[in-house]
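Residue-level structural notes
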Amino acid sequence: MMNSHILIVEDEAKLAQFIKLELEYEGYQVTVARDGLTGLANARAMNLDLILLDWMLPGISGPEICRRLRSTGDKVPIILLTAKDEVSDRVTGLDAGADDYIIKPFSIEELLARVRANLRRTQEEDTDLLQFSDLRLNRSTREVYRGDRLIELTAKEFDLLEYLISHPRQVLTREQILERVWGYDFMGDSNIIEVYVRYLRLKLEAEKEQRLIQTVRGVGYVLRELRD
Ligand code: CA
């Protein structure tokens, strides 16, 4: 979090400079844009972790920048900086896709707290690491560990385990599993699920570990620890 890159889009030079210094003091990397068009261009060109976006800007307004970024699928957290008389309009800002807003004048402590909260939220959402019991699955490296043991899985075995571990303790029906892992147009034998569950269990329990993939008779499967 120390090196998160934050863009400030704010036309009031003194305020922008003040926020920049405070954020830099906290260890963030900061870029300042002083008008809407530059802000939008920066937001598109830079790999940002968060944007502090003033509402009223020369060129394009804050909510409009927000809308344009969201329309191209950009999910960067955006906190709108809103003057008091614009507060009644804040729904417009949230509708435009902002994550949060702060009313001017604000204390720097409040701003820093909001920045931390919004960064934390996205970093948690973005995590590629899924864990259940002593099982860990990394979506980006496609590595699976049981305790310290690296487990080699085929692509389909990985997909099936990823689906199960994304829905811990939730019973997944055979239909759901087929659709999600093999696709709607899968025409093969639906026993394929049993076959792959068996492969997975052999690999996950190779050292006599506790069973995690449980059969729910007549329904499907669930990732769950057996209670003694
Ligand atoms: Ca302004």
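Residues numbered from 1 in each chain as written. Predicted model: local features only at pLDDT ≥ 70, side-chain atom pairs only at ≥ 80, totals over all residues. Heavy atoms only, no water.

**Some thoughts on the overall build of the chain**
A count of helical and extended segments in the chain gives eight helices and twelve strands. Along the first, second and third principal axes, the C-alpha set of the chain runs to 65 × 35 × 30 Å. For the chain, the residues scored as buried account for 42% of the 228 residues in total. Counting contacts in the chain only where the partners sit at least 6 residues apart, residues at least 24 apart contribute 56% of the total. Accessible surface for the chain amounts to roughly 12,700 Å². Of this, 48% is attributable to carbon and sulfur atoms. Taking the 32 positively charged and 40 negatively charged side chains of the chain as two groups, their mean positions are separated by 5 Å. (Helix = DSSP H or I, 4+ residues; strand = E, 2+ residues; numbered from the N terminus. Buried < 20%, exposed > 50% of the residue type's maximum accessible area, 1.4 Å probe, protein only. Contact = heavy atoms within 4.5 Å. Areas by Shrake-Rupley, 256 points an atom, 1.4 Å probe, with all protein chains shown as cover. Lys, Arg positive; Asp, Glu negative; His and termini not counted. Charge placed at Lys NZ, Arg CZ, Asp CG, Glu CD.)

**Some words on the coordination of the calcium ion**
Surrounding the calcium ion are the protein donor atoms Asp11 (OD), Asp54 (OD) and Met56 (O), at 2.0 to 2.3 Å. One chain supplies every donor for the calcium ion, spaced along it as D-x42-D-x1-M. Using a relative accessible area of 4% as the deciding quantity, one classes Asp54 as buried. You can call Met56 exposed: its relative accessible area is 54%. (Donors = N, O, S within 2.8 Å, 3.2 Å for Na, K, Ca; no water.)

**Here we look at the domain arrangement of the chain**
The domain architecture assigned to the chain consists of domain 1 (5-127) and domain 2 (133-223). The straight-line distance from the C-alpha centre of domain 1 to that of domain 2 is 41 Å. (Domains from an automatic or database assignment.)

**A short note on the packing of helix α6 (residues 155-165) against helix α8 (residues 192-204)**
The description of two packed helices rests on the angle between their axes and on the distance between the axes. Two numbers describe how α6 lies on α8: the axes approach to 10 Å, and their chain directions differ by 85 degrees. Between α6 and α8, the crossing angle belongs to the class labelled roughly perpendicular. Contacts between α6 and α8 involve Lys156, Glu157, Leu160 and Leu161 from the first element and Tyr196, Val197, Tyr199, Leu200, Lys203 and Leu204 from the second. Taken together, the residues that form the contact of α6 with α8 break down as seven nonpolar, no polar and three charged. (Axes fitted to C-alpha atoms, helices over the stretch in contact; angles between N-to-C directions. Parallel < 35°, antiparallel > 145°, perpendicular 65-115°, else oblique. Nonpolar A, V, L, I, M, F, W, Y, C, P; charged D, E, K, R; others polar.)

**A few points about the environment of Arg149**
By secondary structure assignment, the location of Arg149 is in strand β9 (residues 149-151). Placed ten residues apart in sequence, Arg149 and Arg139 show a C-alpha to C-alpha distance of 17 Å. Ignoring sequence-local partners within four residues, the contact set of Arg149 consists of Val144, Lys203, Leu204, Glu205, Ala206, Glu207 and Glu209. Engagement of the side chain of Arg149 in a polar contact is seen with the backbone oxygen of Leu204, the distance being 3.5 Å. One polar contact links Arg149 to Glu209, side chain to side chain, over a distance of 2.8 Å. (Polar contact = N/O pair within 3.5 Å; in protein donor to acceptor, adjacent residues only side chain to side chain.)

**Description of the sheet that holds strand β6 (residues 129-132)**
Ordered in space as β6-β7-β8-β9, the four strands form an open sheet in which the pairing is antiparallel. Two strands bound the open sheet, and with one partner strand each, they are β6 and β9. Between one strand axis and the next, the sheet turns by 25 degrees as a mean value, whatever way the strands run. In the sheet, strand β8 (residues 143-146) pairs with β9 via three bridges, with the strands oriented antiparallel. Its bridge partner being in β9, Val144 is matched across the sheet by Ile151. Strands β6, β7 (135-138) and β8 of the sheet are contacted by α6, whose axis makes an angle of about 115 degrees with β7. Sheet contacts for α8: β7, β8 and β9; angle to β9, the most-contacted strand, approximately 160 degrees. (Pairing = 2+ DSSP bridges.)

**Some thoughts on the nonpolar core**
Core analysis: the largest hydrophobic core is formed by 26 residues, its most contacted members being Leu160, Leu161, Ile177 and Ile213. Contributions of two or more residues to this core are made by β6, β7, α6, α7 (174-182), α8 and β12 (220-223). For this core, the leading source of residues is α6, giving six residues. The residues touching Ile213, leaving out its near neighbours within four places in the chain, are Leu161, Leu164, Val197, Leu200, Arg201, Leu204, Tyr221, Val222 and Leu223. Core analysis: the second largest hydrophobic core is formed by 19 residues, Val9, Ile51, Leu53 and Trp55 among them. (Core = buried A, V, L, I, M, F, W, Y, C linked by side-chain atoms within 4.5 Å.)

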